[in-house]
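This is what each chain is made of:
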Amino acid sequence: MTQGAAIDVLGVAKRFATDPPGAPAVLGGVDLSIGANEFVALVGRSGCGKTTLLNIIAGLETASAGEVRVGGTRVTGPGGGKGVVFQQNALFPWLTAARNIAFAARNRGLDAAAAAALAAELLRLVGLDGAAAKYPCELSGGMQQRVAIARALALDPAILLMDEPFGALDEITRTEMQEELLRVWEARRKTVVFVTHSITEALLLADRIIVLAPRPGRIVLELRPGLPRPRRRSEPTLARLHEQIWDALRDDHAAARA
Amino acid sequence: MNARHALPPLALLAALLLGWEAAAAAGWLTPIRFPPPSRLATSFRELALEGFPFGAFLSTHVVATLRRVLAGYLIAVALAVPLGLLIGASPLLDRMASPVVAFGRSIATLSLLPLALVWFGTEEAPKVFLIGFGCFWVMLSNVIAAIKLVDPVLLRAARSMDTPPRDIFLRVMLPAALPRIAAGARMALGMGFVVIVGAEMIGTSIGLGALIMEARTFYRSDITMVGMACIGAIGFALTALLGLLEARLMPWRRGRQT
Amino acid sequence: MAPPLRARLAASPALAGALGVALLLLAWEVAARLLWRDPATLPAPSEAVLVALRLLTPGEIAMHVLISLGRILAGFTLAAVAGITLGVLCGRVAAVERLLRPFVEAFRPVPPLAWIPIAIVWFGLGEASKVFVIFLGAFFPIWTSAWRGAALVPQVLLDSARSMEVRGPALLFRVVLPASLPDIAVGLRVALGLSFGVLVAAELIAAERGMGRLVMQARELGQMGVAIFAIFLIGIISLLADQQLSAIIRRSVGRWRPV
């Protein structure tokens, strides 16, 4: 199993071609170093560029300036051990859960039998052994995202990039999925970059939280909760950190509107 | 499509036309089967100014065809709309009529041509009948669907405002069904046009369908091609015209695709 | 209508439908026998069926049907292959779309039947001309639906595939094509319906055998009953073909997308 790789974001900036000339950039020169097997959360309001940054790390979008290195190698495109889990349902609807996972495994070079075995193993890992032969349309939102995570893991990726993966789920399911994710991550350590707009979610999950503000997109705060997992929402440290992050976001927003 | 994008297809078109012309000149393509573009241009003039066959101008053919289409189409619409509204509004009638409508639509309209010739003679009547028949079923099924598919939420809202049933029908159902009825009207006209071209190929010498068929017996495939281009142009114009009408009559649908 | 009957009709669409058809046939039967009374021009349904069965052998009917179906199969299959391939390419490869679309759109307004005379000039009176015209009729709806389906594949599916290093032709074949199947299925059904109409017309105008020819032949021989029988036969067969296609679609695409 591939070890988690370090990610280096070096002076990454992004401007959309459709932006008017004077407008602030989506991302304005971001520098970030993520260690191997570190769980990092990117938090910010909509439009702060967190999804764009994730896409650039994933190689799905190109930066206007700067570069990203994963495990020391420059990112030039998607794939290559950069697993992605999206917010919307990205499972191939015409394949069963098991075949979706096997699809990723086959792409890595496994033959059909090995891919099927890996799919079964990963389904067990995410607690869905009975769902192998089900189509995505037959699965609930939470189950779909679990399959999506299993599929990303099937790539045996060096890094796992998650773009608000639980954003479309109801709150109860979301809480369950957060616990699931931590459990899976304990079992298969990877470097994780997790984008969310929920401060609470970031505090519950991450080793390190990077707070971004928009226009131009940039880092305004970085902190480590420093608490062992699983964390409880009622912990006083979390409440204090929540305030801190909230203040950082609010100040920036007020300053922008002034 | 901006200028730069229009270039490749235009270039391809020019290349094809030149290639065609050259191949005909070199004798690779027989002029009977592939009259070159230069010939087609003169044929068009001939058709417009001298007429074919025997002095029937292009305008004569076009008018004859359009008259027949219009007559059959208007009769069909006049019958189909009230009947369709009635059937669509009554679940019982709808269920009884549904296989009949399905079957009516599946009858190949032109297969009735021989019968129509026996019943109505060989003048205008059998053609008008065929067009009417073809348009009728298309229009009917669309009107029925239009009424059935009126958003139940609208009806519930009207009823909760104590609207009397007659008003519900006239002031809620009808306007709500109108876009789909208009779409059906467009489809029915298209159908009518398709039918007439076929219907005119048997036993007539005036009309666009007759024109292209007659031309073949005279070995004038150049006239056939010119006739086909005219048919295409008119078909396109009719659809565009109806589209404009639709936009005018239903301004609340502007910006949405049917 | 007595309440129990109304209730039963409301409960079963099949029963209501059957009643509708039965009423219509009955009205026709009565009108033909009592009002029109000229079986030579408008026979009653019962008369039509009896005459047809007397004058035509099952073998003869079968031959015409099979020939027609064979033509449809050939034209439809060619149209499906060409339409799906070009449609998917147009939907996803901008260069292809820019090049091909104007040509396809230029030919689209010409009704397939209008191609019959030129098809006869190019291919003669044999099978090829009929298959060609059917191909033209079926091609456009299939191409349009494939193009639409391919163009509207959700970006997230494409990004997913790219993050799994699926690119180029593999992306088109393993992701875009399956994702477009629901739309293509609709296009296929429309195309099949059109094919029957086009086929019959082509056979009426210029054929020696086939269901359309059967109708024409009956008229030439003054056998109205046979003509009516043949017309209904065409209708029934096209309905059956559509049902078959729908069943195939339900069993394949219908398993992973509510159809």
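What you see as residue numbers is a count from 1 along each chain, following the sequence as written. Working convention: letters from A go to chains and numbers from 1 go to ligands, in the order in which they are written. Only residues with pLDDT of at least 70 get local features here, since the model is predicted, and only at 80 or more are side-chain atom pairs given and counted; chain-wide, interface and lining totals rely on the full set of residues.

(A) Fine view of the overall build of chain A. Only runs of H or I of at least four residues qualify as helices and only runs of E of at least two qualify as strands under DSSP, and these elements are numbered from the N terminus. Regarding its fold elements, chain A presents seven helices and 10 strands. Its C-alpha radius of gyration of 18 Å places chain A within 12% of the 18 Å reference for a compact globule of 258 residues. Taken along its principal axes, the extent of the C-alpha atoms in chain A is 60 × 40 × 30 Å. A buried classification covers 46% of the 258 residues belonging to chain A. Partitioning the contacts of chain A with sequence separation of at least 6, the portion at a separation of at least 24 is 71%. Throughout, the radius of gyration refers to the C-alpha atoms, and the reference size of a globule is 2.2 Å times the residue count to the power 0.38. Whether a residue is buried, exposed or partly exposed follows from its count of other C-beta atoms within 10 Å of its own C-beta, namely 20 or more, 12 or fewer, or something in between, respectively; the C-beta atoms are built from the backbone. Contacts are defined on C-beta atoms placed from the backbone: any two residues whose C-beta positions lie within 7 Å are in contact.

(B) Geometry of the domain arrangement of chain A. Residue and element names in this part refer to chain A. Partitioning chain A into structural domains gives domain 1 (1-81 + 163-258) and domain 2 (91-156). The domain boundaries here were taken from an automatic or database domain assignment. Computed over C-alpha atoms only, the centres of domain 1 and domain 2 are separated by 26 Å. Facing the 14 residues of domain 1 at the interface are 11 residues of domain 2. Side-chain classes are defined by residue name, with Ala, Val, Leu, Ile, Met, Phe, Trp, Tyr, Cys and Pro counting as nonpolar, Asp, Glu, Lys and Arg as charged, and the others, Gly among them, as polar. Tallied by class, residues from the side of domain 1 that touches domain 2 come to eight nonpolar, three polar and three charged.

(C) Region of interest: the interface of chain C and chain B. Chain C puts 42 residues into the contact, and the matching count from chain B is 44 residues. At the level of elements, α1 (3-11), α2 (13-36), α5 (94-107), α6 (116-123), α9 (168-205), α10 (211-220) and α11 (224-252) of chain C are the ones that each hand at least two residues to the side of chain C that touches chain B.

(D) Geometry of the environment of V88 of chain C. Residue and element names in this part refer to chain C. Tracing the chain through its elements places V88 in helix α4 (residues 58-92). For V88, a count of 25 C-beta atoms within 10 Å gives the class buried. On a C-alpha basis, the gap between V88 and I184 in space is 9.7 Å, while along the polypeptide they are 96 residues apart.

(E) Region of interest: the sheet that holds strand β7 (residues 159-163) of chain A. Residue and element names in this part refer to chain A. If you trace the six strands from one edge of the open sheet to the other, you get β6-β7-β8-β3-β9-β10, paired in mixed fashion. A single partner strand is all that each edge strand has here, and the edge strands are β6 (82-85) and β10 (218-223). Within the sheet, the average angular offset between the axes of one strand and its neighbour, ignoring direction, is 20 degrees. Pairing between strand β9 (residues 208-213) and β10: five bridges, direction antiparallel. Pairing of A213 across the sheet is with R218, part of β10. Contacting β6 and β7, helix α4 (residues 141-154) crosses the sheet at an angle of about 175 degrees to β6. Think of it this way: DSSP has to see at least two bridges between two strands before they count as a pair. Lines are fitted to the C-alpha atoms to define the axes, a helix being fitted only along its stretch in contact, and any angle between axes, read from their N-to-C directions, falls within 0 to 180 degrees.

(F) Region of interest: unusual backbone geometry. Residue and element names in this part refer to chain A. A cis geometry characterises the amide bond from R215 onward to P216, with omega recorded as -10 degrees. In this model, R229 is joined to P230 through a cis peptide bond whose omega is 0 degrees. Its identity is not glycine, yet N37 carries a phi of approximately 60 degrees, on the positive side. Mapped onto the elements of the fold, N37 is located in the loop between β2 (27-34) and β3 (39-43).

(G) How the structure looks around helix α8 (residues 165-199) of chain B. Every helix has an expected span of 1.5 Å times one less than the residues it contains. For α8 of chain B, with 35 residues, the first-to-last C-alpha span of 44 Å runs short of the 51 Å given by 1.5 Å per residue. Bending of α8 of chain B peaks at approximately 45 degrees at the position of L178 of chain B, with proline P179 of chain B no more than four residues after it. A residue's bend is the angle separating two fitted axes: one through the seven residues that end there, the other through the seven that start there.

(H) The nonpolar core, seen in detail. Buried Ala, Val, Leu, Ile, Met, Phe, Trp, Tyr and Cys residues whose C-beta atoms connect them within 7 Å together make up a nonpolar core. Core analysis: the biggest nonpolar cluster contains 225 residues, and I57, I101 and V193 of chain A, M139 of chain B together with A230 of chain C have the highest contact counts within it. Sorting elements by how many residues they give to this core places α9 of chain C first, with 19 residues. Residue-level mapping places this core at the junction of two domains, with at least three residues from each of domain 1 (1-81 + 163-258) and domain 2 (91-156) of chain A. The contact partners of M139 of chain B, leaving out residues within four places of it in the chain, are A76, V77, A80, G184, A185 and A188 of chain B.

(I) Seen up close, the sheet that holds strand β4 (residues 65-70) of chain A. Residue and element names in this part refer to chain A. One open sheet holds the four strands; their spatial order is β2-β1-β4-β5, and the pairing between them is antiparallel. Only two strands of the sheet have a single partner each, and these edge strands are β2 and β5 (73-74). Strand direction decides the pairing type here: strand β1 (residues 7-14) and β4, joined by five bridges, are antiparallel. Its bridge partner lying in β4, I7 is registered against V70. Its contacts with the sheet put helix α1 (residues 50-58) on β1, β2 and β4, and the angle it makes with β1 is roughly 120 degrees.

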